[in-house]
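Chain by chain, the residues run as shown.
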Amino acid sequence: MRITVLGSGSAFSTCGCNAGYLVDGRVLIDCGAPVPALVRRAATSIHAITLVLLTHFHADHSFMLPTILGARAFSDPAAPGSLVIGGPVGTREYITRLVVDGYGSHIRHEIDVNVAPEYVALQDGSDVELAGYRVQSHAVVHSTGPSLAYRLTDARGVSIGFSGDSELCGGLRRSMAGCDLYVCECTGWDGPTPGGHLWRDEVAGLMSANPGTRFLLSHLSERRNLPGALVAHDLLSLEISSAAT
Ligand SMILES: [Zn+2]
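Small disclaimer: the values here were computed from a predicted structure and weren't measured.

**Some remarks on the overall build of the protein**
If you tally the helices and strands in the protein, you get six helices and 14 strands. Rg of the C-alpha trace for the protein: 17 Å, near the compact-globule value of 18 Å for 245 residues, within the 12% margin. Counting only C-alpha atoms and orienting by the principal axes, one finds that the protein spans roughly 50 × 40 × 35 Å. By residue count, 54% of the 245 residues in the protein fall in the buried class. A total of about 10,000 Å² of accessible surface is found on the protein, and carbon and sulfur atoms cover 52% of it. Looking at charge distribution, the protein has the averaged site of its 17 positive side-chain charges lying 4 Å from that of its 23 negative ones.

Below is the structure:
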């Protein structure tokens, strides 16, 4: 499995774009980063994306999704029905509102006709196959709800987890169990961070409890080091095997 970080920064940081992660060039986890421009720099295309998973409805995780939908709607040839969008209950209504508020009903119509995305509502305990991956969802605790962490497993059994935004909670711990790589938010470094986030000492504790999982820290307010963890930067790309190499 190849993961490419499109955005490694937290909502208001200046050390990286907002959240966005690409798996194997075709699954997009969150969409706060300027994905249409960045996927080109990652040597792929928005037209290769077959699945988008949103962790929650904060702007830094979702506000660029209308640009992808619009770009797909006006592509030639259009390919309606080739995109699945999964997320918490309410994702369809939330994305529709973003499109209409941002670009108007005309663009919503173009997207409905030319993209016709299939929406899949996910919740705690969901365990489904989407776009050729096993997708497991875990409810996590954040300042907006509902919020989900995901675990993606490919046909070879390699798995990558994504915390989304979360404070310490049972769902977060369950989402990382057995992952080869875990993309973990680390918004704070020197102390607890308000808004339902993790900070360095909490992440270090999670790492100690999951010694077989490699941690990639992202959603960063600033880029610092935590011994034993990888630290994300925009356009970092890693090939992950079952041995987390
Ligand atoms: Zn958030």
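**Observations regarding the packing of helix H2 (residues 65-73) against helix H3 (residues 91-103)**
Running from N to C, H2 and H3 point in directions that differ by 75°, and their axes come no closer than 9 Å. When the axis of H2 is compared with that of H3, the two are roughly perpendicular. Side by side, H2 and H3 meet where Leu65, Pro66, Thr67 and Leu69 of the first sit next to Ile95, Leu98, Val99 and Tyr103 of the second.

**Thoughts on the side chain of Ser159**
Residue position: Ser159 is located in strand E10 (residues 159-162). Using a relative accessible area of 0% as the deciding quantity, one classes Ser159 as buried. Setting aside residues no more than four positions away along its own chain, Ser159 makes contact with Met1, Arg151, Leu152, Thr153, Gly178, Cys179, Asp180 and Leu181.

**Overview of the sheet that holds strand E1 (residues 2-7)**
Spatial strand order, E6-E5-E4-E3-E2-E1-E14: seven strands in an open sheet with mixed pairing. Two strands lie at the open edges of the sheet, namely strand E6 (118-122) and strand E14 (237-239), each paired on one side alone. Ignoring strand direction, the axes of neighbouring strands in this sheet form an average angle of 20°.

**Topic: the nonpolar core**
Side chains of a nonpolar character, in soluble globular proteins, are inclined to be buried together. Leu53 and Leu152 are the most contacted members of the largest nonpolar core, which has 28 residues in total. Other than its neighbours up to four places away in sequence, Leu152 contacts Met1, Val23, Val27, Ile29, Leu53, Tyr133, Arg134, Val135, Val158, Ser159 and Ile160. The next biggest cluster of nonpolar side chains, apart from the first, holds 27 residues, and it includes Ile68, Ala73, Ile107 and Tyr119.

**Regarding the environment of Gly87**
Relative to the helices and strands, Gly87 resides in strand E5 (residues 84-88). In this structure Gly87 comes out as buried when scored by relative accessible area, which is 0%. Residues contacting Gly87, with those up to four places away along its chain left out, are Leu54, Val120, Ala121, Leu122, Leu148 and Tyr150.

**Thoughts on the packing of aromatic side chains**
Summed over all chains, the structure comprises three aromatic pairs. With 4.5 Å between their ring centres and 15° between their planes, Phe57 and Tyr94 make a pair best called stacked. Pair noted here: Phe57 is in the loop between strand E4 (51-53) and H2 and Tyr94 is in helix H3, with a separation of 37 residues, a long-range link. Here Phe57 matches Tyr94 in class, with each residue buried. On the basis of an interplanar angle of 55° and a centroid distance of 5.8 Å, the ring pair of Tyr182 and Phe215 is categorised as tilted. One end of the pair, Tyr182, is in strand E11 (residues 181-185); the other, Phe215, is in strand E12 (residues 214-218), and 33 residues separate them in sequence.

**As for the coordination of the zinc ion**
Each protein donor to the zinc ion is listed here as His56 (NE2), His58 (ND1), His142 (NE2) and Asp165 (OD); together their distances run 2.2 to 2.3 Å. Site description for the zinc ion: donor spacing in sequence, H-x1-H-x83-H-x22-D. With His56 in the loop between E4 and H2 and Asp165 in the loop between E10 and helix H5 (170-176), the pair connects residues that are 109 residues apart, well separated along the chain. Asp165 shares its class with His56; the two are buried.

**Brief notes about the pairing of strand E2 (residues 20-23)**
Going residue by residue along E2, you find Gly20 and Leu22 tucked away on one face and Tyr21 and Val23 tucked away on the opposite face as well. Here four bridges tie E1 to E2, and the two strands are oriented antiparallel to one another. Residue Ile3 lies in a different strand from E2, and its bridge partner there is Val23. For E2 and strand E3 (residues 27-29), the ladder comprises three bridges, and the chain directions are antiparallel. Bridging from a neighbouring strand, Tyr21 pairs with Ile29 of E3. Counted between consecutive antiparallel strands, the loop separating E2 from E3 contains three residues, among which Asp24 sits at a positive phi close to 55°.

Each value, and the rule that gives it
- Residues numbered from 1 in each chain as written.
- Predicted model: local features only at pLDDT ≥ 70, side-chain atom pairs only at ≥ 80, totals over all residues.
- Heavy atoms only, no water.
- Helix = DSSP H or I, 4+ residues; strand = E, 2+ residues; numbered from the N terminus.
- Rg over C-alpha atoms; globule rule 2.2 N^0.38 Å.
- Buried < 20%, exposed > 50% of the residue type's maximum accessible area, 1.4 Å probe, protein only.
- Areas by Shrake-Rupley, 256 points an atom, 1.4 Å probe, with all protein chains shown as cover.
- Lys, Arg positive; Asp, Glu negative; His and termini not counted.
- Charge placed at Lys NZ, Arg CZ, Asp CG, Glu CD.
- Axes fitted to C-alpha atoms, helices over the stretch in contact; angles between N-to-C directions.
- Parallel < 35°, antiparallel > 145°, perpendicular 65-115°, else oblique.
- Contact = heavy atoms within 4.5 Å.
- Pairing = 2+ DSSP bridges.
- Core = buried A, V, L, I, M, F, W, Y, C linked by side-chain atoms within 4.5 Å.
- Phe/Tyr/Trp six-rings, centres within 6.5 Å; stacked < 30°, edge-to-face > 60°.
- Donors = N, O, S within 2.8 Å, 3.2 Å for Na, K, Ca; no water.

The values reported here are purely geometric and, on their own, carry no functional implication.
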